[in-house]
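Structural overview
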Amino acid sequence: MSDESLVKQGVAKGTSMGGAVLLVTVGLLEFFQGISAIAKDDVIVVGVEYTYKFDVTAWGWFHLVFGVIIAAVGAALFTGATWARVGAMVLCAVSIFVNFLWLPYYPLWAITIIALNAVVIWAVATWNPDEA
């Protein structure tokens, strides 16, 4: 194995472990964001009518459940298991789509999560635990 490949795998492994931490953190934040939306807190502001308008309480329940699932897969990603890596990529892709739809309600958070999910997808797709 070449030195360049070893360096790439090391960076991918480190980023994947960072991605696992990010997934757990994002899961917890999604959970709390869901609670905030369900409780009709002042953090979530319903503004202009958009084409894809959804009920904030329904979004809250979705974010609450989705957050728990993301955190669980993020915790499993620390093991490097194939199912956790695939699950992380699928959940990140779904999260990108969901946060695109969430843009009208909380734009800065949604853009941040979209960017973090893209980093996690790259890291998990690049990392090969057998080579590291």
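Just so you know, the residues in each chain are numbered from 1, in the order the chain's sequence is written. In keeping with the predicted nature of the model, local features appear solely for residues at pLDDT of at least 70, side-chain atom pairs appear and are counted solely at 80 or more, and the whole-chain, interface and lining totals rest on all residues. In computing side-chain values, all of the structure's heavy atoms are included and hydrogens and water are not.

1. Some words on the overall build of the protein chain
- From N to C terminus, the protein chain includes 4 helices and 0 strands.
- Mapped in sequence order, the helices and strands of the protein chain form the string α-α-α-α.
- For every residue, the accessible area obtained with a 1.4 Å probe (protein chains only) is divided by the maximum for its type, and the residue is called buried under 20%, exposed over 50%, and partly exposed between those limits. Evaluated residue by residue, the protein chain yields a buried proportion of 39% over its 132 residues.
- Restricting to contacts in the protein chain with at least 6 residues of sequence separation, those with at least 24 account for 75%.
- For every accessible area listed, the method is Shrake-Rupley and the probe measures 1.4 Å; residues are considered covered only by the protein chains on display. Per element, the accessible surface of the protein chain, about 7100 Å² overall, is 73% carbon and sulfur. Note on conventions: DSSP H or I runs of at least 4 residues are helices, E runs of at least 2 residues are strands, and numbering of each starts at the N terminus. Every residue pair with non-hydrogen atoms within 4.5 Å of one another is taken to be in contact.

2. Looking at the nonpolar core
- In this structure, L23, I70, L77, A88, L91, V120 and V124 are the most contacted members of the largest nonpolar core, which totals 13 residues.
- Elements supplying a minimum of two residues to this core: α1 (3-38), α2 (56-77), α3 (82-102) and α4 (107-126).
- Here this core gets 5 residues from one element, more than from any other, and that element is α2.
- Not counting residues within four places of it along the chain, the set of residues in contact with V124 comprises S16, L77, R85, A88 and M89.
- Residues belong to a common nonpolar core when they are buried Ala, Val, Leu, Ile, Met, Phe, Trp, Tyr or Cys residues joined through side-chain atoms within 4.5 Å. One finds V56, V98, W109 and A110 within the second-largest nonpolar core, a separate group that totals 11 residues.

3. A closer look at the environment of A39
- Following the sequence through the fold, A39 ends up in the loop between α1 and α2.
- The class for A39 is exposed, based on a relative accessible area of 55%.
- C-alpha separation for the pair A39 and T57, spaced 18 residues apart in sequence, amounts to 7.9 Å.

4. Remarks on the packing of aromatic side chains
- Working definition: a ring pair exists when centres of Phe, Tyr or Trp rings (six-membered ring for Trp) sit within 6.5 Å. Plane angles under 30 degrees give stacked, over 60 give edge-to-face, the rest tilted. Inspection of every chain in the model, using the stated rule, returns 3 aromatic pairs.
- For the ring pair F31 and F32, a centre distance of 5.5 Å and an interplane angle of 70 degrees mean the geometry is edge-to-face.
- With relative accessibility at 26%, the residue F31 sits in the partly exposed group.
- By relative accessible area, which is 48% here, F32 ends up partly exposed.
- Taken together, the ring pairs in this structure connect W59, F62 and F66 into an aromatic cluster.

5. Things to note about a nonpolar patch on the surface
- A cluster of nonpolar residues, V7, V11 and W122, forms a patch on the protein surface that exposes about 290 Å² of accessible area.
- Relative to the helices and strands, V11 is located in helix α1. Put simply, a patch holds well-exposed residues, over 30% relative accessible area, that have no salt bridge, with like charges counted together within 9 Å and Val, Leu, Ile, Met, Phe, Trp or Tyr side chains within 5 Å. Note on definitions: salt bridges are taken to be side-chain nitrogens of Lys or Arg within 4 Å of carboxyl oxygens of Asp or Glu.

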